[in-house]
Each structure stands twice: as structure tokens, then as C-alpha cells.
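# Breakdown of the fold
Now for the letters of each chain:
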Amino acid sequence: MIELERIESLTNSKIKLAAKLHTNKYRKSENLFVAEGVRLVEMAAQSDWPMEFALISDSATENQRAVAVVEQLQNRGCPVYQVSDQIYDKAADTVTPQGLLLVMGFRIFTWQEILKSNTDEASAPLIAVLDGVQDPGNAGNIIRTADALGCSGVVCLEGTADIFADKVVRSSMGSIFNIPVMTGVQPEELRDVCQDNEVALIATAVDDTAVRHYLADYVSPCAIIFGNEGNGVSQKMLEEADQKVFIPMTGKAESLNVSAAAAILLYEAFRKRSIL
């Protein structure tokens, strides 16, 4: 590891910036966010996302895995600063910090990237759509599941949780760096893009027109819509959907957590595509 420049002051501009990026307001104004923790920074360092600078605490320099990540960042030309544990805690968000964080720039994806297969060129697009999913843990988990099951992309409609929030990034376990994600998309834009590219809209619903989830066609190009934790898929998207599905249940639970429902439906799509 190349010798690191030290930051000795709590009022240093980089420390203040990192601390501010834990709020939505500053993330949007600066177009920056924080990836915190050794595993997350490892995955970020292997991606082609823009990086601003990293901070490593004095205690983390005893962690060989953290040191190896710092060397990766240095090889990519990313500035890394060493700080005391006290100063690091000022910049960090986690309760038990691992002593390594990376300030990163937003990456903006296009519809062309969202529609391109994430597995092979012959596969049809499979898109996970978040329609007003509010809980950061749910949003991050769905991104992680979409990555694991070969989705071509994730689309977050207006009103969905900020995907660059600390908890979303952590819950994604680094998958946010592996799969194209679009944010702030209007329902009309999603509808028009899907129509123009012959992508079917499949919505989770509980009305009389919905079929059991395993009866839907997931092999053809499709976008599966997962709704708000309390209200489900919005009325607007239910009206736009080409097909509605539900997950049959026999227990006494009224419903499934949205990230659990997403795992079931996306795995069914993965399963059907895998047996062809």
C-alpha cells in the first residue's frame, strides 16, 4: 500500500462532505453517495462506477482485506486518506463501522442498457420494476435478487426509495454495482418504452383477473412490477399491466413482504428461462 495522506481535522471538507452524504438532500445536490464497509468497497472497486475518494481508519489498516482494497483503489487512481477512528466515526453512518468507506458518483443508465440481457445476448429482457417501494431494506433486497436471478435491469418509478441511500446500498450487498438501475421514472415513460420494445408488463395484484404467478409467461420479454408495502401496485400501473399475477398462500398471513414476493416471482422467471 502506498503511504497515505492523513486527514487530522474533523472540520476537513472531505470529512464534512462524507457526513452530509448520509442525507438525501446532499446526495442529490452533489450527485454523490457513500459505499461503506469492506465488502461493499471491494465490489465498488471492481465496478466501473465513478469514485471520488476513500477514507480508512487507523484501526482498519490492521485488516489485510481492507488494505488490499485500498491498494485496488490506489491502482485505479482513487485518492485514499487515513484518519483516526474518531474522525472516521464522524464520516460514517453504520453503528459498528468497519473503518473503510468510499465516496462515489452517481451512474446514469439508459433504456438501452436496461433492456440488454445481463446473461447472454439471446435472452429476452427481464426487468424488475419498483412502484413506490418505500423501505430501503426492501429496495436493496430486490436489487440484490434481480442481480442474482439474471434480470437485465431494475426500474424505480417516481416515489420509490432513494437507491443511493446508505441502507439501500448496504441491503443490495453490492449488487447495485452489478446491474443497471434507473430511478425517478414516470409510469407513462415505462409504459411507452415497454410498448415500443414489445415488453409485457406483469403486475402483482389480488383482483379477480389475476392468475397464479407460475402461469404467467416470463420467457418472453417482460417487466414485473412490485408495489408499495402498504398499498401494492399503484392503480395507474395496474391499468397499464398486460397481465396480473398473485402468489397463492395457504397460511394465515395476509400478505408477503414485497422483497419476498419479488424473490418468488423472479425465481419463477429464472426457473422457466433456465429449462428452455
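Owing to the predicted nature of the structure, the values given are computational and were not obtained by experimental measurement.

### Remarks on the overall build of the protein
For the protein, the count of helices and strands is 11 helices and 12 strands. Whereas a compact globule of 276 residues would reach a radius of gyration of roughly 19 Å, the protein reaches 20 Å, a difference of no more than 12%. Along the first, second and third principal axes, the C-alpha atoms of the protein reach 65 × 40 × 35 Å. Summing over all exposed atoms, the protein offers an accessible surface of approximately 13100 Å²; the carbon and sulfur share of this is 47%.

### Brief notes about the state of the cysteines
In total, this model carries zero disulfides according to the counting rule given. The thiol of Cys151 is unpaired, and the distance to the nearest cysteine sulfur, on Cys222, comes to 8.4 Å. The cysteine Cys156 is free of any disulfide, with Cys151 supplying the nearest cysteine sulfur at 12 Å. When its relative accessible area of 2% is taken as the criterion, Cys156 is described as buried.

### Quick look at the environment of Cys194
Inspection of the secondary structure puts Cys194 in helix α9 (residues 187-196). Excluding residues within four positions of it along the chain, Cys194 makes contact with Val199, Leu201 and Ala223.

### Examining the pairing of strand β3 (residues 51-57)
β3 sits mainly inside the fold: six of its seven residues count as buried. Sheet topology note: the β3/strand β5 (residues 100-105) ladder contains five bridges and is antiparallel. Counterpart to Leu55 in the pairing with β5 is Leu101. Looking at chain direction, β3 and strand β4 (residues 80-83) are connected through four bridges and run parallel. For Ile56, the partnering residue across the bridge sits in β4 and is Gln82. In this view, the connection linking β3 to its parallel neighbour β4 by way of helix α4 (residues 64-75) has right-handed handedness.

### As for the side chain of Ser152
Residue placement: Ser152 occurs in the loop between α7 (136-148) and β7 (153-157). A polar atom in the side chain of Ser152 sits 3.0 Å from the backbone oxygen of Ile114.

### Section: the sheet that holds β4
With respect to topology, five strands assemble into an open sheet ordered β1-β4-β3-β5-β2, the strand pairing being mixed. The sheet is open, and its two borders are formed by β1 (5-6) and β2 (32-36), each paired with just one other strand. Relative to the sheet, helix α3 (residues 38-45) contacts β2, β3 and β5, its axis offset from that of β5 by approximately 40°.

### Observations concerning the environment of Ser59
Within the element layout of this structure, Ser59 appears in the loop between β3 and α4. By relative accessible area, Ser59 is classed as partly exposed at 41%.

### A closer look at the sheet that holds strand β12 (residues 243-246)
In spatial order, the strands read β8-β7-β6-β11-β9-β12-β10; together these seven strands make up an open sheet with parallel pairing. Two strands in the sheet have a free side with no partner beyond their single neighbour: β8 (181-185) and β10 (211-212). Where strand β9 (residues 200-204) and β12 come together, three bridges link them in parallel fashion. Across the sheet, the residue bridging to Ile202 is Gln243, located in β12.

Quick notes on the rules
- Residues numbered from 1 in each chain as written.
- Predicted model: local features only at pLDDT ≥ 70, side-chain atom pairs only at ≥ 80, totals over all residues.
- Heavy atoms only, no water.
- Helix = DSSP H or I, 4+ residues; strand = E, 2+ residues; numbered from the N terminus.
- Rg over C-alpha atoms; globule rule 2.2 N^0.38 Å.
- Areas by Shrake-Rupley, 256 points an atom, 1.4 Å probe, with all protein chains shown as cover.
- Disulfide = S-S within 2.5 Å.
- Buried < 20%, exposed > 50% of the residue type's maximum accessible area, 1.4 Å probe, protein only.
- Contact = heavy atoms within 4.5 Å.
- Pairing = 2+ DSSP bridges.
- Right-handed = clockwise from strand over helix to strand, strands pointing away.
- Polar contact = N/O pair within 3.5 Å; in protein donor to acceptor, adjacent residues only side chain to side chain.
- Axes fitted to C-alpha atoms, helices over the stretch in contact; angles between N-to-C directions.

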